[in-house]
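Here's the letter readout for the chains.
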Amino acid sequence: MGKITFMNNSSILFERRDETMLIEPYGLNCIRVRASKNAKLSDEKWTLLDPKDNSKPELSGDDKHATLTNGDISVRVSTNDWGGELCFMRKGKQILCTKNYGDYCMRYLHTEGDNYRIRFAFNANDGEHIYGLGQEQEDAFDRKGTSTELVHYNTKSVIPVYYSSLGYGFLWNNPAPGRCETTLNHTMWVADSAYQADFIVFVGDTPKDVMTTYADLTGYSPMMPKWAAGFWQCKCRYESQDILLKVAREYKRRGIPIDAIVIDFFHWTEQGDLKFDPKYWPDPKAMCDELKEMNIEPVVSVWPTISPKSENWREMNDRNMLVRTENGQYPTFDFFGMITFIDPTNPETAKFYWDKVKKNYYSYGIKNFWLDEAEPEVHPQQFANLKMYAGNGAQTALIYPYYYNKIFYDGLKSEGETDIISLTRAAYTGSQRVGACVWNGDIMSSFFALRQSISSGLSMAMCGIPWWNSDIGGFLFGDTESKTFRELIVRWFQFGLFCPIMRLHGTRLNQSYYVDEAPDVMVKGGGYNEIWHFGDDNYPVLKKLIETREKMRPYTLKIAKEAADKGYPMMRPMFFEYPDDKKCYELWDQYMFGGDILFAPIYNEGQTDREVYLPEGEWISVLDKKEYAGGQTVNMHAEVSEYIAFVKKGSEVLNSFE
């Protein structure tokens, strides 16, 4: 049956054969649970921060039934003939209770050493909505009734946290690949191989309260740099210094606001060399100086891949600064040759890598980086065959993107930089505190991908990632001369206007007017991807959207500050601002951009009409400046050149849409 012991007047130790469990406060309104088949628990926090010293623990009960209360959350621990149970309550109302699957020892199935396949299950709650769990190309914002693989890959980032409509958050503090099932019969977390289960349940009166508490646990984003709130120009890829500067100058000549231009992959001499190829980028310092004179920030792609041909290979390999394999040879990915990845979890890697970045990029004035391949992308995805400083990949693989991002954040901080933002293709718990600006990977140029991006952005918002974006127009197979794409690019630009970052990107099919300006480069750049290449009718529409984004900059930075100060997302699900409105928990295809703008994207080809739900209050349409009363659903019409958005009456941001 097991035994309950009160520890230090604040925690509960629950012991029984084949399980040791510690239940403790972890900051106000939070309870942390660690459980293992091992007799000793690990103190490893992974990316979790130390708790604030504001807990208010109260213990009651005896060695058979005990309750720990910490502010508005409490957990009741009960022993019984089949082992015991945990029941969590928010202000006395049950929100989560462990589920009995017969033999409790089924939680632990031995894998190797002191590690186990761990399964922790809870009873399902009728009527519950669940949001979060990272991003993937799935058509499901409400995760209730779904199953989620806990694994990173291109287009998918796992952040193992969710927000429940019952007013609590749940953080699975374990970087092992696994699975989360938020189905109709249970909520179950599975780690494929781990030393222990480790999770935190936390509560609040509103979604805002819960997200602030989550930020206390995992970190707040820095303040967004002023330039980052504008428009980013990007394509796959600018093949030379001359081509890139020609594009930047043309944007300026046309009077189009532009704040950043991106130098994408394979500008380097070899994967892992971390420096410009002098044949195509002969004077990076002069290039950066000219961009800065135009008030354009250069952003440079850095991949964590490395080839044995790299000048850095031998030292990094000999000093175990690379991701290694437990069995077989070094390669973990075949991309323009057999390669592997650096190991950012090794402190020596971080020092070595930043020194190279500092010498070959930062010294030219480059302070902003695009951290592609940050999952990392390994094939096949046999994580147990990966060896890192942090441990075997079966227990640690999900932590990789956090530490990769951290190299650049810590490096820039060490140089005295404060405006730090890194575009990254993957994230993990806590990535927001190291300046991660996540995008949803190499998605298709399709209306369905646009639709899925709405869910991706809102899901990441509820995972504490305030800086998020997608490739405007999609990344793959965009035919810029087709009628479908030219409609798509406008609708996606409208979506980008109301995203934390507005960034155009993509590899476009070659247009009839495309000229190959660098015919002998190893990796081609594809078709043009500047706004004057998407049709004469589209050009003034796209230019006006960028100009509107420029006018919105003070508002964008205002809500970015709320993220930095309070942990609020910038893209906000409707229920985030209106938690007492039940209908808002059912809406996935309209959202709040900050607290004052309601945006209802159009994401179907040929569509010009849609319904929009207006919650309580008075709203002004940016289309016609008409006033609408809240508490109703309205039918709105928007031609391709128009978009549907409402501003709260009295908000100054309305002036941005003149």
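Anything mentioned here points back to the structure above.
This one's a predicted model, so the numbers in the text were calculated from it and none came from an experiment.

What counts as what
Residues numbered from 1 in each chain as written. Predicted model: local features only at pLDDT ≥ 70, side-chain atom pairs only at ≥ 80, totals over all residues. Heavy atoms only, no water. Pairing = 2+ DSSP bridges. Helix = DSSP H or I, 4+ residues; strand = E, 2+ residues; numbered from the N terminus. Axes fitted to C-alpha atoms, helices over the stretch in contact; angles between N-to-C directions. Phe/Tyr/Trp six-rings, centres within 6.5 Å; stacked < 30°, edge-to-face > 60°. Buried < 20%, exposed > 50% of the residue type's maximum accessible area, 1.4 Å probe, protein only. Salt bridge = Lys/Arg side-chain N within 4 Å of Asp/Glu carboxyl O. 1 Å grid on protein atoms, 1.4 Å probe; cavity = no way out; pocket = protein on both sides within 12 Å on 5 of 7 lines; lining within 4 Å. Points joined across faces, edges and corners; volume = space filled by probe spheres on them. Nonpolar A, V, L, I, M, F, W, Y, C, P; charged D, E, K, R; others polar. Expected span 1.5 Å × (residues − 1). Contact = heavy atoms within 4.5 Å. Core = buried A, V, L, I, M, F, W, Y, C linked by side-chain atoms within 4.5 Å. Polar contact = N/O pair within 3.5 Å; in protein donor to acceptor, adjacent residues only side chain to side chain. Disulfide = S-S within 2.5 Å.

Please clarify how the sheet that holds strand β16 (residues 178-182) should be interpreted in this entry.
What links the strands of a sheet is backbone hydrogen bonding, and the strands pair in either a parallel or an antiparallel sense. Pairing within the open sheet is antiparallel, and its five strands lie in the order β10-β11-β17-β16-β13. Every interior strand has two partners, whereas the edge strands, β10 (108-112) and β13 (146-150), have only one. Strand-to-strand, the axes of this sheet are offset by a mean angle of 15 degrees, without reference to chain direction. For β16 and strand β17 (residues 186-194), the ladder comprises five bridges, and the chain directions are antiparallel. Note that in β17 the partner of T182 across the bridge is T187.

Would you explain the packing of aromatic side chains in this entry?
Here the distance between the centres and the angle between the planes together describe a pair of aromatic rings. Counted according to the given criterion, the structure contains 64 aromatic pairs. With a centroid separation of 6.5 Å and 80 degrees between ring planes, the pair formed by W354 and F369 is classed as edge-to-face. Of this pair, W354 sits in helix α5 (residues 347-360) while F369 sits in strand β26 (residues 368-371); the two residues are 15 residues apart in sequence, bridging distant segments of the chain. Of the residues examined, F369 reaches a relative accessible area of 0% and is grouped as buried. With a centroid separation of 6.1 Å and an interplanar angle of 5 degrees, the aromatic rings of Y513 and Y528 are classed as stacked. Of this pair, Y513 sits in the loop between β32 (502-503) and α10 (538-551) while Y528 sits in the loop between β32 and α10; the two residues are 15 residues apart in sequence, bridging distant segments of the chain.

Looking at this structure, I do not really get the pattern of salt bridges. What am I missing?
Oppositely charged side chains can pair when the atoms bearing their charge come close. Counted under the stated rule, the structure contains 42 salt bridges. Ionic pairing is found between R17 and D18, a salt bridge with its closest N-O pair at 3.8 Å. Accessibility expressed as a relative area gives 70% for R17, which makes it exposed. For D18, a relative accessible area of 27% translates into the label partly exposed. E517 is paired through a salt bridge with K246; the nearest N and O atoms lie 2.9 Å apart. Highlighted residues: E517 in the loop between β32 and α10 and K246 in helix α2 (residues 241-253), separated in sequence by 271 residues. Judged by its relative accessible area of 48%, K246 falls in the partly exposed class. Through salt bridges with shared partners, a single network forms among D372, E373, E375, E377, R425 and D442.

What exactly am I supposed to notice about the sheet that holds strand β5 (residues 57-61) here?
Strand order in the open sheet formed by five strands is β5-β6-β7-β8-β9, and the pairing between neighbours is antiparallel. Of all strands in the sheet, those with a lone pairing partner are β5 and β9 (93-97), marking the two edges. Sheet twist, expressed as the mean angle between neighbouring strand axes with direction ignored, is 20 degrees. In this structure, strand β7 (residues 73-78) lies alongside strand β8 (residues 85-90), joined through six bridges in antiparallel fashion.

I would appreciate a short explanation of empty space enclosed by the protein in the present structure.
Empty space among the atoms can be located by rolling a probe the size of a water molecule over them. On inspection of all chains with the given rule, the structure shows six cavities of 30 Å³ or more. Of the pockets and cavities examined, the largest cavity occupies roughly 70 Å³. For the largest cavity, the lining is made up of 13 residues, of which G219, Q432, G464, P466 and G567 are closest to its centre. In terms of residue class, the lining of the largest cavity is built from eight nonpolar, five polar and no charged. The computed volume of the second largest cavity comes to approximately 60 Å³.

Just to check I follow, could you spell out α2 for this structure?
Each α-helix winds once per 3.6 residues, and so residues spaced three or four apart point in a common direction. Taking 1.5 Å as the rise per residue, α2 with 13 residues should run 18 Å; its terminal C-alpha atoms sit 18 Å apart, in good agreement. Among all positions in α2, only Q241, I243, L244, L245, V247, A248, E250 and Y251 are buried. On its buried face, α2 sits against β19 (231-233), β20 (260-263) and α3 (284-293). Once α2 finishes, G255 follows within two positions and takes phi at roughly 70 degrees, a positive value.

Mind showing me how you'd approach the nonpolar core here?
Among the nonpolar cores identified, the biggest contains 212 residues, and F88, F493 and F498 are the most heavily contacted of them. At eight residues, helix α9 (residues 483-497) tops the list of elements feeding residues into this core. The contacts of F493, once residues within four sequence positions are left out, are F231, I472, M502, L504, I531, L542, L545 and I546. One finds F265, W303, F475 and V523 within the second-largest nonpolar core, a separate group that totals seven residues.

Which parts of the structure should I look at to understand the layout of surface pockets?
In this model, the largest pocket occupies a volume close to 380 Å³. Taken together, 20 residues line the largest pocket, and the ones lying closest to its centre are E44, W46, A390, Q395 and T396. Looking at the lining of the largest pocket, the elements with two or more residues in it are β28 (391-392) and α6 (393-396). A breakdown of the residues in the lining of the largest pocket according to their chemical character gives eight nonpolar, ten polar and two charged.

What should I look at first to understand the side chain of R572 in this one?
As for its placement among the helices and strands, R572 is situated in strand β33 (residues 571-573). According to the relative accessible area criterion, R572 is buried, its value standing at 2%. A polar contact of 2.4 Å, which involves the side chain of R572, links it to the side chain of E562. There is a polar contact of 2.7 Å between the side chain of R572 and the backbone oxygen of P569. Aside from chain neighbours lying at most four places away, what touches R572 is L458, I559, E562, E577, Y591, M592, G594 and G595.

What is the right way to look at the state of the cysteines in this model?
Two cysteines, two sulfur atoms, one covalent bond between them: this is a disulfide. Under the definition given, this model contains one disulfide. Between the sulfur atoms of C87 and its disulfide mate C97 the distance is 2.4 Å. On the criterion of sequence distance, the pair formed by C87 in strand β8 and C97 in strand β9 is long-range, its members being ten residues apart. Look at C97 and you get buried, because its relative accessible area is 7%. Looking at C234, it has no disulfide partner, and the nearest cysteine sulfur is the one in C236, 8.2 Å off. Cysteine C584 shares no disulfide, and the gap to the nearest cysteine sulfur, in C499, comes to 19 Å.

Please clarify how the side chain of N469 should be interpreted in this entry.
Its place among the elements puts N469 in strand β31 (residues 468-469). When its relative accessible area of 0% is taken as the criterion, N469 is described as buried. A polar contact of 2.7 Å, which involves the side chain of N469, links it to the side chain of R503. Setting aside residues no more than four positions away along its own chain, N469 makes contact with L423, C437, V438, W439, N440, I501 and R503.

I'm lost on the environment of A600 in this one. Help?
By secondary structure assignment, the location of A600 is in the loop between β35 (597-599) and β36 (609-614). Classification of A600 as buried rests on a relative accessible area of 1%. Between the alpha carbons of A600 and D589 there is a distance of 6.6 Å; along the sequence they are eleven residues apart.

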